[in-house]
Amino acid sequence: MAMKIERITLYHTEMELVEKLVTSFGGEALRPSIIVRIDAEGLTSWGEAVAHDVPDYSGETTGTVWHILRDHFGPRVVGQKIESVEEVRALLGVYRGNPMARAAVEGAVWDLLAQAAGQPLADYLHAGRYAEPRRKAVKVGVSIGIQESIAATLAIIEKRLAEGYPRIKLKIKPGWDVQLAEAVRARYPDISLMLDANSAYKLDDAARLAELDRFNLLMLEQPLWEDDIWCHSKLQPQIKSSICLDESIHTARDAAFALEVGACRIINVKPGRVGGFYEGRAIHDVCLKASAPAWVGGMLETGIGRAGNLAMASLPGFTLPGDISATSRYWEHDITGHYTLNTDGTIDVPDKPGLGAVIDHDRLEAVTTMRAAVVPRSSEGF
Ligand code: OSB
Ligand code: MG
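This one's a predicted model, so the numbers in the text were calculated from it and none came from an experiment. (Residues numbered from 1 in each chain as written. Chains lettered and ligands numbered in written order. Predicted model: local features only at pLDDT ≥ 70, side-chain atom pairs only at ≥ 80, totals over all residues. Heavy atoms only, no water.)

### What about helix H2 (residues 85-92)?
The periodicity of an α-helix, 3.6 residues per turn, causes residues three or four places apart in sequence to face the same way. As a reminder, the rule being used: Accessibility here uses a 1.4 Å probe with only protein chains present; expressed as a share of the type maximum, an area under 20% marks a residue as buried, one over 50% as exposed, and anything in between as partly exposed. The helix count covers DSSP runs of H or I at least four residues long, the strand count covers runs of E at least two residues long, and both are numbered beginning at the N terminus. Throughout, the arc means that of the directions going from the helix axis to the C-beta atoms.
Every buried residue of H2 is accounted for by Val-85, Val-88, Leu-91 and Leu-92. Buried residues in H2, looked at end-on, bunch into an arc of 120°, giving them a common side.

Put into structure tokens, the structure is as follows:
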């Protein structure tokens, strides 16, 4: 059924993280988010842009996302009748870049169309494309930022293990790497452990990174430049740890290239980074075909983004635990219903039609610092 996109509303929200996530590029406790709401044919649907307020993880920011959604992507989509995700992709296909803004509006359309079809987003994404069914609950892990000391890091790991997280990811940077891993492995020889450098190293650091080989890492995430695949293909043969690419992968073509040249063995898929669920699924398909393990990353999302990440992670090729933690790791009071960790280290995939995020409208109002209605363009402008 064609759905007329009657209204698009943008919300700029701000919430304090329960625990900030300091990476090699920094990290603050105050987390702004841009939320997209679509109203169409009596249904309401939601999307989230994962940009930070500063251009650190990527070049996009909450400011650029706001501008692109309000002035370009939003006006292009509002008022249109849409029957498939391909149609919204074609509408936005005339524009370049801005994957985080794109993912937010495309995500709200996915939610809308899955609701109209009466299917949970997870089923709508699966769509009978795979021999294996989708998961009802997904294995998850937790991401721990750079701390003041190794002792503080060990204390947080202890807490997270007690909470039931079956996989620990630690952020590293030069000088906060080998010693840290040494101490963690001394205390916890057997836990599933991985490290994420967020591009803090150079190819010349290969020998230093090879020192991490002895810690039996599940993977080493994004050691080199965020815009690089080639140098990672030079690094991978020099270390035993499997490289996982996060920042470097934007498209299914990037994924195919990276796997073909041996730049990584594992890929982190964040729907918000790659322009949405469609491209995320295409990257998943590349990994599945290449028998390369993949997993769904996180960007400290609200419950809206997390619902989508859970749906994405339910696809059969996402075989490794996602960076999708329980609400309590992020927010005291989210703008949606809360997600909890099951005793087997999984989180349930939402099973209501669409995204399945239950919006707490009072909370959304309370944390909204700016709002805008998307106004249709009087002319196309090109
Ligand atoms: O590199 O995976 C990353 C959060 C913000 C920016 C980059 C990253 C992360 C995480 C968070 O590691 C994972 C989560 O949302 O729990
Ligand atoms: Mg990462």
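### A closer look at the packing of helix H1 (residues 62-77) against H2
A packed helix pair is summarised by two numbers, namely the angle formed by the two axes and the spacing between the axes. How we decide: Note on method: axes are straight lines fitted to C-alpha atoms, helices fitted across the in-contact stretch only, with angles between N-to-C directions ranging 0 to 180 degrees. Note on angle classes: values under 35 degrees are labelled roughly parallel, values over 145 roughly antiparallel, values of 65 to 115 roughly perpendicular, and the remainder oblique. Two helices cross in a left-handed way if the nearer one is turned anticlockwise from the farther one by less than a right angle. They cross in a right-handed way if the turn is clockwise. Every residue pair with non-hydrogen atoms within 4.5 Å of one another is taken to be in contact. The residue classification treats Ala, Val, Leu, Ile, Met, Phe, Trp, Tyr, Cys and Pro as nonpolar and Asp, Glu, Lys and Arg as charged. All others, Gly included, are polar.
Between H1 and H2, the least distance of the axes is 9 Å, while the angle of their chain directions is 135°. Relative to H2, the element H1 is oriented oblique. In the crossing of H1 with H2, the sense of the turn from one axis to the other is right-handed. Packed against H1, whose contacting residues are Phe-73, Arg-76 and Val-77, the element H2 presents Val-88, Leu-91 and Leu-92 at the interface. Among the residues forming the contact of H1 with H2, the class breakdown is 5 nonpolar, no polar and 1 charged.

### Quick word on the coordination of the magnesium ion (ligand 2)
For clarity, the threshold we go by: The donor definition counts N, O and S atoms within 2.8 Å of each metal and applies 3.2 Å to Na, K and Ca; water is not among these atoms, so some sites may look incomplete.
For the magnesium ion (ligand 2), every protein donor is listed as Asp-196 (OD), Glu-221 (OE) and Asp-246 (OD), and the spread of their distances is 2.1 to 2.3 Å. Sequence positions of the donors to the magnesium ion (ligand 2) reduce to the motif D-x24-E-x24-D. A residue pair is termed long-range when its members are at least 10 positions apart, and Asp-196 in strand E9 (residues 193-196) and Asp-246 in the loop between strand E11 (243-245) and helix H9 (252-260) qualify at 50 residues. The burial state of Asp-196 is the same as that of Asp-246; both residues are buried.

### Some words on the packing of aromatic side chains
Note the cut-off: Two aromatic rings, drawn from Phe, Tyr or Trp (for Trp, its six-membered ring), form a pair once their centres lie within 6.5 Å of each other, and the interplanar angle then sorts them: stacked below 30 degrees, edge-to-face above 60, tilted otherwise. Counted as over-ring charges are cases with an Arg CZ or a Lys NZ within 6 Å of the ring centre that also lie within 35 degrees of the ring normal.
The tally for this structure, following the rule as stated, stands at 4 aromatic pairs. Arranged with centres 5.9 Å apart and planes meeting at 40°, the rings of Tyr-11 and Trp-46 form a pair that is tilted. Linking Tyr-11 in strand E2 (residues 7-16) with Trp-46 in strand E4 (residues 43-49), this pair joins segments that are 35 residues apart in sequence. For Trp-46, a relative accessible area of 5% gives the class buried. Between Phe-73 and Tyr-95, the aromatic rings sit 5.7 Å apart at their centres with planes inclined by 25°, giving stacked as the arrangement. Residue Phe-73 is located in helix H1, and its partner Tyr-95 is located in the loop between H2 and helix H3 (99-116); the two are separated by 22 residues in the primary sequence. Of the two residues examined, Phe-73 and Tyr-95, each falls in the buried class. An aromatic cluster of three or more residues is present, and its members are Trp-110, Tyr-124 and Phe-277. If you follow Arg-281 out to its NZ or CZ, it ends over the ring of Tyr-278, 5.6 Å from the centre.

### Re the site of ligand 1
Rule in force here: By convention in this text, a residue qualifies as near a molecule or strand provided that one of its non-hydrogen atoms is within 4 Å of it. By the criterion applied in these results, polar contacts are pairs of N or O atoms within 3.5 Å in which, for protein atoms, one can donate a hydrogen and the other can accept it, and in which residues neighboring in sequence qualify only through two side-chain atoms. Per-residue and other accessible areas were derived by the Shrake-Rupley procedure at a 1.4 Å probe size, with only the shown protein chains allowed to occlude residues. Domain boundaries shown here were taken from an automatic or database domain assignment.
What surrounds ligand 1 is a group of 16 residues, the closest being Lys-171, Asp-196, Asn-198, Leu-300 and Tyr-330. Contacts to ligand 1 include Asp-246, whose side-chain N or O atom sits 3.2 Å from an oxygen atom. At a separation of 2.9 Å, an oxygen atom of ligand 1 approaches a polar backbone atom of Leu-300. Considered on its own, ligand 1 offers 390 Å² of accessible surface; in the complex 99% of this is hidden by protein. Among the residues forming the shell around ligand 1, the class breakdown is 5 nonpolar, 4 polar and 7 charged. Residues lining the shell around ligand 1 come from more than one domain, with at least three contributed by each of domain 1 (3-118 + 360-371) and domain 2 (124-348).

### Here's the deal with the domain arrangement of the protein chain
For clarity, the threshold we go by: Once two parts are put together, the accessible area they lose, assessed with a 1.4 Å probe and summed over both, is termed the buried area. The rule for a salt bridge is simple: a side-chain nitrogen of Lys or Arg has to be within 4 Å of a carboxyl oxygen of Asp or Glu.
Partitioning the protein chain into structural domains gives domain 1 (3-118 + 360-371) and domain 2 (124-348). Spacing between the C-alpha centres of domain 1 and domain 2 amounts to 23 Å. Between domain 1 and domain 2, the contact holds 37 residues from the first and 43 residues from the second. With both sides pooled, the region where domain 1 packs onto domain 2 buries about 3400 Å², and carbon together with sulfur makes up 64% of that total. On the domain 1 side of the interface with domain 2, the three residues burying the most area are Glu-19, Tyr-57 and Trp-110, jointly 22% of the side's total. Counting across the interface, domain 1 meets domain 2 through 2 salt bridges.

### Details of the sheet that holds strand E15 (residues 368-373)
Here is the rule we go by: The pairing criterion is simple: DSSP has to find at least two bridges between the two strands.
Strand order across the open sheet formed by 4 strands is E4-E3-E2-E15, with antiparallel pairing between neighbours. What marks the edges here is a single partner per strand, and that holds for E4 and E15. Taken pair by pair, the neighbouring strands of this sheet meet at an average axis angle of 20°, ignoring direction. As defined by bridge partners, strand E3 (residues 30-40) adjoins E4 across 7 bridges and the pair is classed as antiparallel.

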